[in-house]
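The residues making up each chain are set out below.
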Amino acid sequence: MAGNMVTSEFLVQVDHERCRKCKRCTLNCGFGVFDFKDRVTADTSKCVACHRCVVFCPEEAITVARNPLAFREHSSWDVDRRKAIWKQAQDSGMLLTGMGNDLPWLNVFDHLLIDACQVTNPSIDPLREPMELRTYLGRRPDRVEVERSDGGFKLDTEVGNIIKLDIPIMFSGMSYGSVSINVHKSLALAAQRLGTVMNTGEGGLHEELYPYGDHIIVQCASGRFGVHSEYLNKGVAVEIKVGQGAKPGIGGHLPGEKIGREVSSTRMIPVGTDALSPAPHHDIYSIEDLRQLIYALKEATGYKPVSVKIATVHNVAAIASGIARAGADIIYLDGFRGGTGASPAVVRDHVGIPLEIALAVVDQQLRSEGIRNWVSIIAAGGIRSSADVAKAIALGADAVGVGTAALIALGCRLCQKCYTGNCSWGIATQRPELVGRLDPDWGAERLVNLINAWSLELKEILGALGVNAVESLRGNRERLRSLGLDEMTTEILDVKPAGR
Amino acid sequence: MAFGDQYSRWRVDRSRVPAACGLSGVISEDGAMIGGDVIIESMKVIHDRGNGLGGGFAGYGIYPRYRDHYALHIMFEDPGGRAACEELLEADLQVQESEEIPTRPGPGIEDAPELRRYFAVPRPEKLAALAIGPDDFMVQLVMRINTTVPGTFVFSSGKNMGVFKAVGFAEDVGEFYRLPDYSGYCWIGHGRFPTNTPGWWGGAHPFNILDWAVVHNGEISSYGINKRYLEMFGYECTLLTDTEVMAYLFDMLVRKHGLPLEVACRVLAAPFWKDIDIEDDPASRALDEALRVVYSSALVNGPFAVIVGFSRGMVGLNDRIKLRPLVAAVKDDLLYISSEESAIRQICPRPDRVWAPNAGQPVIGELKGDV
Ligand code: SF4
Ligand code: SF4
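What comes next concerns the included structure. (Residues numbered from 1 in each chain as written. Chains lettered and ligands numbered in written order. Predicted model: local features only at pLDDT ≥ 70, side-chain atom pairs only at ≥ 80, totals over all residues. Heavy atoms only, no water.)

## A short note on the interface of chain B and chain A
- Taken together, the contact pairs 49 residues of chain B with 51 residues of chain A.
- Summed over both sides, the interface between chain B and chain A buries roughly 4500 Å², with carbon and sulfur atoms accounting for 58% of that surface.
- At the boundary of chain B and chain A, one finds five salt bridges.
- Across the salt bridge formed by Asp363(A) and Arg228(B), the nearest N and O atoms sit 2.8 Å from each other.
- Linking chain B to chain A there are 18 residue pairs in polar contact (both at pLDDT 80 or more).
- If you list the elements that add at least two residues to the side of chain B that touches chain A, you get helix H1 (3-12), helix H7 (223-232), helix H9 (261-268), helix H10 (273-276) and helix H11 (282-294) of chain B.
- Element by element, the count of residues in the side of chain B that touches chain A is highest for H11(B), at eight residues.
- The residue inventory of the side of chain B that touches chain A, partitioned by class, reads 27 nonpolar, 11 polar and 11 charged. (Contact = heavy atoms within 4.5 Å. Buried area = accessible area lost by both parts, 1.4 Å probe. Salt bridge = Lys/Arg side-chain N within 4 Å of Asp/Glu carboxyl O. Polar contact = N/O pair within 3.5 Å; in protein donor to acceptor, adjacent residues only side chain to side chain. Helix = DSSP H or I, 4+ residues; strand = E, 2+ residues; numbered from the N terminus. Nonpolar A, V, L, I, M, F, W, Y, C, P; charged D, E, K, R; others polar.)

Structure below.
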């Protein structure tokens, strides 16, 4: 019987006329596709289309193409479904995958259009006029009290602990362990240069990054990896990760092969043991338990802001309201397109709801309860461009988190094989020879370039809208129109359809 | 609030109308009485800033006989509206006097609705039952009438002041309402240039709630968030006009949150971070930071020039980069604010000083004593 009924997804072709046998491809491929016997040979079944070999072949001798193997068309049994069955019939077990939901669900961002000024009010040129993106995160009072004091006025209200960001964009949580130390370094350097923050994810913070603490949000997740008093106090805020958009309701599993010395000491677990994050926090079985953890973390940190990260699930608005009332300062909404290092494909692709809709209902819910000032909302899990940033802010986000986009800037090709630990780009891997490929200075520069470019675009959008501060776009759904959305979705988003 | 309500509101309601305009205002800080003809004269000069689709005035100190009563000016476009409205008024208020607002029908003013005014105070037992102050009570009553009684609109609800507005050129509106028969210590006027026809008297300026009267030239690009922010504090923006938002923001910041007027202006036309960051005085920097952080959704962004009348004076304010004209002048105890210097010189040929206020810098005229 045939050993593997799952046919190769990609074909790797080496043009032997051009190849000068430098063997660079054999070293570069993290997935062990190439071998060298007199000449380069390729085991195409292993190829994931990460393009590392293509980019690094000096002779452009390598092509990676989709396997054109014909399958009889069947509209309910598309090829991916058939392959899934072959795989599971062969190995049993869940199908794992990496990165975000790749099914063609409706993308609401792509059905929202932004307004601009014409005639009746002037647009503003961001190259000539100040254009403010500065953003603050955290709980704030409903009002400011002022005292008169010799000729002037004095503030008589404690505003509390809030975080200042120069731009409304931050880096999403990606744990050291699931990504390499050089990814963390790149993010920390970039966050510092951009005046924003990165988020540790659930794997603790390597000591080398302690100096960047002013630009780091530290996470406390169900496995409590790397959580100790010094760690909690290193960041500007602490985040309780309840859920992740790519795998709502699911725990995490970082296999023992990825727990080398450094990861082990950062996570505070023995070398080579699997790092298992329980699905729930075992001290949070209800909202009042969450309140206890929030306040425990506040006590432990001298009342730094506490963020609570949840996946956008059906009842997200009520959950968010509970989180705000439990004392959180920030609610981090991770949409169902959010990335991951590893998730069961069935969960990644079918659980949760789109960020855009969750964001709209959470913002509205908090407003109708009069508690929108109590929390800041971060929208993440599906932010692909500055247009998405602007739309998310208009729907009500205080800031957005980017994870996948940051990794793509670092070279990620979205091959979705992060869970294998073989990432050829040195991103989702702990293999030292692969990790070394990502130079943190180079990485930071790419991230800074990307986010600066988005910031410029965002300023241009604000100027076109005739406003010169991002807060005038925030929650301003009047400046969005929907196109091609059904009436109910438009209503839920609380935007008008184009033409109104 | 249910999403459905909001959704149906914009479907059936008037949509927002961009408008440009001319404004003028005058106050005697000594409390000397100024005739209504003065503000009409001033508005005539900036006739071309309006297009005849809305004009209006507010006068302060015009009802000394009823200085402690709320003066409700109400328009009835629906014959059934008056009975329903008066039933509400009777239930909630002690009405001291109810009469037609005197008018002189003339050219340029057509299709006038029935216009009446009521001098009244809330019934004490009603206030006690709700445990709220009379001002909040009146705000709720006005919003209730304006949202629930068909064809009925309360367009003025302050004490010892009144708003007079109509579809027409400002000077015609002033003559229609016989403003020369009134005198007050402060007047503001407005001529409107909407970019399509609202054809509705309630849509003219000033927009009023309690003693606040706002005349406004501009378009508030941040309208959507300002409105949603106000809704959180119980203000229903029913008219979908920018000006309404401005009036409610003043009411909330000054009356409800107790901010001094100058400070409220620093919320609405907030200084830029680049300027806050280099403020020498740490107390003033801390205040500006707090205002921007706490009141970010109350920043009024986009081009505007407003003159806001309140019980003791008026304030002129420009947006933070001054995208609409605003000129001020003083002569003795008189402060003038207008879209154009010509409108000031028309009624004050030789002012002591004329200047263009800087972006975001309020010009405030306030009564020195009692009137
Ligand atoms: S896995 Fe990547 S490096 Fe390896 S052959 Fe395929 S594209 Fe090339
Ligand atoms: S991080 Fe690496 S393994 Fe994961 S999708 Fe990107 S390129 Fe592939």
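Having seen it, we continue.
## Here's the deal with a nonpolar patch on the surface
All names here are of chain A.
- On the surface, Val54, Val55 and Phe56 cluster together to form a nonpolar patch covering roughly 210 Å² of accessible area.
- Secondary-structure assignment places Val55 in helix H2 (residues 52-56).
- Residue Val55 is classed as partly exposed on the basis of its relative accessible area, which comes to 45%. (Patch = residues over 30% accessible without salt bridge, like charges linked within 9 Å, V, L, I, M, F, W, Y side chains within 5 Å. Areas by Shrake-Rupley, 256 points an atom, 1.4 Å probe, with all protein chains shown as cover. Buried < 20%, exposed > 50% of the residue type's maximum accessible area, 1.4 Å probe, protein only.)

## Some remarks on the sheet that holds strand S12 (residues 198-199) of chain A
Residue and element names in this part refer to chain A.
- Taken in spatial order, the eight strands make up an open sheet running S11-S21-S20-S18-S17-S14-S13-S12, and their pairing is parallel. Each edge of the open sheet is held by one strand with a lone partner, namely strand S11 (169-171) and S12.
- Relative to strand S14 (residues 237-241), strand S13 (residues 216-220) runs parallel, the two being bridged by four bridges. From the neighbouring strand, Val218 faces S14, where its bridge partner is Val238.
- Along the sheet, helix H10 (residues 355-368) makes contact with strand S18 (330-334) and strand S20 (376-380), crossing S20 at roughly 170°. (Pairing = 2+ DSSP bridges. Axes fitted to C-alpha atoms, helices over the stretch in contact; angles between N-to-C directions.)

## Observations concerning the side chain of Arg481(A)
Residues and elements named next belong to chain A.
- On the secondary structure map, Arg481 appears in strand S22 (residues 480-482).
- A distance of 2.8 Å separates a polar atom in the side chain of Arg481 from the backbone oxygen of Glu478.
- A polar atom in the side chain of Arg481 sits 2.7 Å from the backbone oxygen of Arg500.
- Excluding its chain neighbours within four sequence positions, the residues that come into contact with Arg481 are His111, Leu112, Leu113, Lys496, Pro497, Ala498 and Arg500.

## Comments concerning the pairing of strand S12 (residues 212-218) of chain B
Residues and elements named next belong to chain B.
- In terms of burial, S12 is a largely internal element, seven of the seven residues being buried.
- In the sheet, strand S11 (residues 207-209) pairs with S12 via three bridges, with the strands oriented antiparallel. Considered in S12, the bridge of Ile209 is made with Trp212.
- What sits between the antiparallel neighbours S11 and S12 is a turn of two residues, in which Leu210 has the positive phi angle 45°.
- Pairing between S12 and strand S13 (residues 304-310): six bridges, direction antiparallel. Paired with Ala213 across the bridge in S13 is Gly309.

## Structural notes on the site of ligand 2
- Met99(A), Cys412(A), Arg413(A), Leu414(A), Cys415(A), Gln416(A), Lys417(A), Cys418(A), Cys423(A), Trp425(A), Ile427(A) and Ala428(A) make up every residue found near ligand 2.
- Of the residues that constitute the shell around ligand 2, the class distribution is nine nonpolar, one polar and two charged. (Near = heavy atom within 4 Å.)

## Notes on the environment of Ala464(A)
All names here are of chain A.
- The topology assignment puts Ala464 in helix H14 (residues 440-464).
- Spatially, the C-alpha atoms of Ala464 and Ile124 are 6.2 Å apart, while their sequence positions differ by 340 residues.
- Not counting residues within four places of it along the chain, the set of residues in contact with Ala464 comprises Ala116, Cys117, Ser123 and Ile124.

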